[in-house]
Amino acid sequence: MKLWGGRFGKETEDIVHRFTSSLSFDRRLARQDLRVTEAHALALRECGILSPDEYQRVLSALRDMGRELEEGSFPIGGDEDIHSAVERVLVERLGETGAKLRTARSRNDQVAADLRLYLMEEAAEVMHRLTDLMEVFLDLAEEHLGVIMPGFTHLQPAQPVLLSHHLLAYFEMFKRDLERFAQARSRMDRCPLGSGALAGVGFPLDRWLLAEESGFGGITANSVDAVSDRDFAADFLYAAALTSVHLSRLAEEIVMWMNPRFGFLRLDEAYTTGSSIMPQKANPDLAELIRGKAGRMVGHLVSLLVMLKGQPLAYNRDLQEDKEGVFDAAEQLRSMLEITAAAMRTAEFDRERMLEAAAEGYLNATDLADYLVGKGVPFLRAHEAAGKAVRMCLDRGGIPLEELSLEDLRALEPSFEEDVYSCLSLQECVKARDLPGGTSPGRVEEALREARDWLEAEGRRLTR
Ligand code: ARG
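The rules we used
- Residues numbered from 1 in each chain as written.
- Predicted model: local features only at pLDDT ≥ 70, side-chain atom pairs only at ≥ 80, totals over all residues.
- Heavy atoms only, no water.
- Helix = DSSP H or I, 4+ residues; strand = E, 2+ residues; numbered from the N terminus.
- Rg over C-alpha atoms; globule rule 2.2 N^0.38 Å.
- Buried < 20%, exposed > 50% of the residue type's maximum accessible area, 1.4 Å probe, protein only.
- Contact = heavy atoms within 4.5 Å.
- Core = buried A, V, L, I, M, F, W, Y, C linked by side-chain atoms within 4.5 Å.
- Near = heavy atom within 4 Å.
- Polar contact = N/O pair within 3.5 Å; in protein donor to acceptor, adjacent residues only side chain to side chain.
- Nonpolar A, V, L, I, M, F, W, Y, C, P; charged D, E, K, R; others polar.
- 1 Å grid on protein atoms, 1.4 Å probe; cavity = no way out; pocket = protein on both sides within 12 Å on 5 of 7 lines; lining within 4 Å.
- Points joined across faces, edges and corners; volume = space filled by probe spheres on them.
- Phe/Tyr/Trp six-rings, centres within 6.5 Å; stacked < 30°, edge-to-face > 60°.
- Pairing = 2+ DSSP bridges.

Trainee: Explain the overall build of the protein chain to me, please; I cannot follow it from the model alone.
Mentor: Each helix and strand in the protein chain was counted, giving 19 helices and four strands. Taking 2.2 N^0.38 as the reference for a compact globule, 464 residues should give roughly 23 Å; the C-alpha atoms of the protein chain span a radius of gyration of 30 Å, well beyond that estimate. Viewed in the frame of its principal axes, the protein chain has a C-alpha envelope of about 100 × 55 × 40 Å. Going through the 464 residues of the protein chain one by one, you find that 51% of them count as buried. For the protein chain, the share of sequence-separated contacts (at least 6 apart) that also reach a separation of at least 24 residues comes to 76%.

Quick look at the structure:
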């Protein structure tokens with residue numbers, strides 16, 4: 001059964017039907033389509049298109065279909081799309097009454113409503129998984145308070161930081177991700193039903209009732225926009241792509257830190273995979289896959305934006321191409337978040353390796369310069385003197401700054417005194433960064449507390 005056909009003197013070619021059909025993927029919207037159809041039936045009853053009795057029959061048919069859908073016995077197949085499938089079954093089971101459901105709606109407003117509902121649910125699920133992951137990072141940061149690692153810029157040793165500080169950097173990214181999904185979700189929460197094909201419909205449907213019954217908090221303002229708008233899908237894909245980029249940066253660090261030359265981190269063996277030829281291997285494949293999938297996620301966002309950019313208003317069939325990327329993105333992101341949380345929860349950090357690495361590469365050189373500033377030397381000159389001190393160390397086979405004698409240092413800058421050595425220990429370097437957002441133990445503990453409070457209060461509120 002087609003939802004059109006009257007004006008056609010010919011049957012659609014099979015290859016055209018196959019090419020234009022979206023059923024193979026939009027069947028995922030079946031649950032949403034039933035819900036939206038139920039709301040529509042109620043609105044039709046309210047304006048007298050369906051009698052109360054007809055409405056009851058439609059309602060019970062839709063509920064049967066919902067059950068069949070869950071059991072996997074819903075008779076889908078051969079239809080142009082999920083909307084046609086639902087309506088075909090209604091007509092098969094209810095005859096004339098089923099045929100009334102097409103009144104005052106179009107698949108254009110219907111598909112927009114279905115997809116919004118779908119993405120609202122997916123956003124909620126993603127947000128839950130994000131909070132799980134954030135919790136893991138808070139636990140890790142708490143457990144490793146006091147552990148010092150080398151911080152990097154340009155991937156070169158830069159300054160010592162607390163491992164907890166580094167972990168909390170990821171918490172901040174995930175927090176922004178969570179907020180982005182919450183914002184995206186609230187923008188999705190507008191019901192396009194009643195927009196019809198593009199102009200609105202010629203029956204006095206109660207749009208607020210439609211919205212409420214199908215699960216929306218509000219209605220869209222303009223019917224032309226409502227059927228052509230896919231900003232909500234782009235919002236979702238952007239939030240998903242950026243979250244994936246964050247996960248990918250973490251994945252890249254996992255890969256590096258798993259390399260024995262770093263040796264900062266060991267994923268639990270159950271989260272690594274082997275090689276078919278090299279018996280010794282336990283590879284971080286899951287992190288590599290996350291890095292790879294992030295590319296695919298960015299691709300979905302770009303595909304959608306490019307697909308939208310050339311379309312005149314209002315609905316165009318191009319829009320059907322929005323779905324596969326969105327479905328895939330939602331599914332991939334769920335699994336990426338799940339596996340990252342599980343892998344990190346069971347991973348082990350090697351404190352000694354981190355500390356050892358932090359002791360190499362003159363990470364305290366900035367502190368040597370800062371020390372001189374404390375003695376009244378302008379930073380530019382202090383930097384020069386500290387740089388010369390590093391040069392001196394390198395010339396002596398790479399000894400650490402602490403091994404230079406006071407005479408050595410004074411030859412570079414007379415303001416050096418005996419107390420210089422106490423500012424050079426890694427603990428002191430970390431402690432010195434004692435301002436909001438800095439890596440001193442006090443600030444990190446404070447940040448950890450704030451992060452926990454945020455997750456408990458705001459995080460819970462957003463995911464409710
Ligand atoms: N399957 C279409 C989509 O996903 C909805 C159908 C709209 N088709 C139409 N000829 N107006 O966008």
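Trainee: Help me understand the nonpolar core, please; the structure alone is not making it clear to me.
Mentor: Counting 120 residues, the largest nonpolar core has Leu119, Phe181, Phe236, Trp257 and Phe349 as the members making the most contacts within it. For this core, the element with the most residues is helix 7 (residues 107-143), which contributes 17 residues. When near neighbours in sequence (up to four residues on either side) are disregarded, Phe236 contacts Leu119, Glu122, Ala123, Phe181, Met188, Val326 and Ala330. The next biggest cluster of nonpolar side chains, apart from the first, holds 23 residues, and it includes Ala386, Ala389, Val420 and Leu424.

Trainee: Help me understand the site of the ligand in this model?
Mentor: All residues in the neighbourhood of the ligand are listed as Ser22, Asp26, Asp81, Arg107, Asn108, Val111, Tyr315, Arg317, Gln320 and Lys323. At a separation of 2.9 Å, a nitrogen atom of the ligand approaches a polar side-chain atom of Asn108. Take Tyr315: an N or O atom from its side chain is 2.5 Å from an oxygen atom of the ligand. Of all the elements, helix 7 adds the most residues to the shell around the ligand, at three residues. Taken together, the residues that form the shell around the ligand break down as two nonpolar, three polar and five charged.

Trainee: What exactly am I supposed to notice about empty space enclosed by the protein here?
Mentor: In this approach, a probe sized like a water molecule rolls over the atoms, and the result shows the empty space that is left. On inspection of all chains with the given rule, the structure shows two cavities of 30 Å³ or more. Here the largest cavity is characterised by a volume of approximately 60 Å³. Surrounding the largest cavity, His166, Leu167, Tyr170, Leu250, Glu253, Ile254, Trp257, Leu265, Met344 and Phe349 form its lining. When contributions to the lining of the largest cavity are tallied by element, the ones reaching two or more residues are helix 8 (163-188) and helix 11 (231-258). Among the residues making up the lining of the largest cavity, the classes are represented as eight nonpolar, one polar and one charged.

Trainee: Sorry if this is basic, but what is going on with the packing of aromatic side chains here?
Mentor: The relation between two aromatic rings is expressed through the spacing of the ring centres and the mutual angle of the planes. Applying the stated rule across the entire model yields ten aromatic pairs. On the basis of an interplanar angle of 70 degrees and a centroid distance of 4.9 Å, the ring pair of Tyr118 and Phe327 is categorised as edge-to-face. Here Tyr118, found in helix 7, pairs with Phe327, found in helix 13 (residues 323-346); they are 209 residues apart in sequence, far enough to count as distant. In terms of burial, Tyr118 and Phe327 fall into one category: buried. Aromatic pair Phe262 and Phe264: ring centres 5.2 Å apart, planes at 85 degrees, arrangement edge-to-face. Each member of the pair, Phe262 together with Phe264, is buried.

Trainee: For this particular structure, what's the right way to read the environment of Arg266?
Mentor: Structurally, Arg266 can be placed in strand 3 (residues 265-266). Each residue touching Arg266, except ones within four places of it in the same chain, is listed here: Met258, Ala347, Glu348 and Asp350.

Trainee: Honestly, the pairing of strand 2 (residues 156-162) in this entry has me stumped. Any pointers?
Mentor: Residues in a regular strand project their side chains so that they alternate between the two faces of the sheet. Here strand 1 (residues 148-153) runs beside strand 2; their pairing, made up of six bridges, is antiparallel. Note on strand 2: the bridge partner recorded for Ile148 is Leu162. As consecutive antiparallel partners, strand 1 and strand 2 are separated by two residues, and within that stretch His154 has a phi angle of approximately 60 degrees, a positive value.

Trainee: Would you explain the layout of surface pockets in this entry?
Mentor: Taken as a whole, the largest pocket holds about 360 Å³ of empty space. Looking at the largest pocket, it is lined by 16 residues, and the ones nearest its centre are Phe152, His166, Tyr170, Arg249 and Glu253. Taken together, the elements giving at least two residues each to the lining of the largest pocket come down to strand 1, helix 8 and helix 11. Classifying every residue of the lining of the largest pocket by side-chain character gives nine nonpolar, four polar and three charged.

Trainee: Explain the environment of Leu368 here, please?
Mentor: Tracing the backbone through its elements, the reader meets Leu368 in helix 15 (residues 365-374). Residues Leu368 and Pro414 lie 46 residues apart in sequence; the distance between their C-alpha atoms is 13 Å. Once you skip the residues sitting within four places of it in the chain, Leu368 turns out to touch Ala386, Ala389, Leu401, Leu409, Phe416, Val420 and Leu424.

Trainee: What should I look at first to understand unusual backbone geometry in this one?
Mentor: With glycine set apart, most residues show a phi of negative sign, and most peptide bonds adopt trans. The peptide bond linking Leu313 to Ala314 adopts the cis configuration, its omega dihedral lying at 5 degrees. With respect to the secondary-structure elements, Ala314 resides in the loop between helix 12 (285-309) and helix 13. The backbone phi angle of Ala104 is positive, close to 65 degrees, even though this residue is not glycine. Topologically, Ala104 is positioned in the loop between helix 6 (96-99) and helix 7. Overall, Ala104 belongs to the buried group, its relative accessible area being 11%. Even without being a glycine, Tyr362 presents a positive backbone phi close to 60 degrees.

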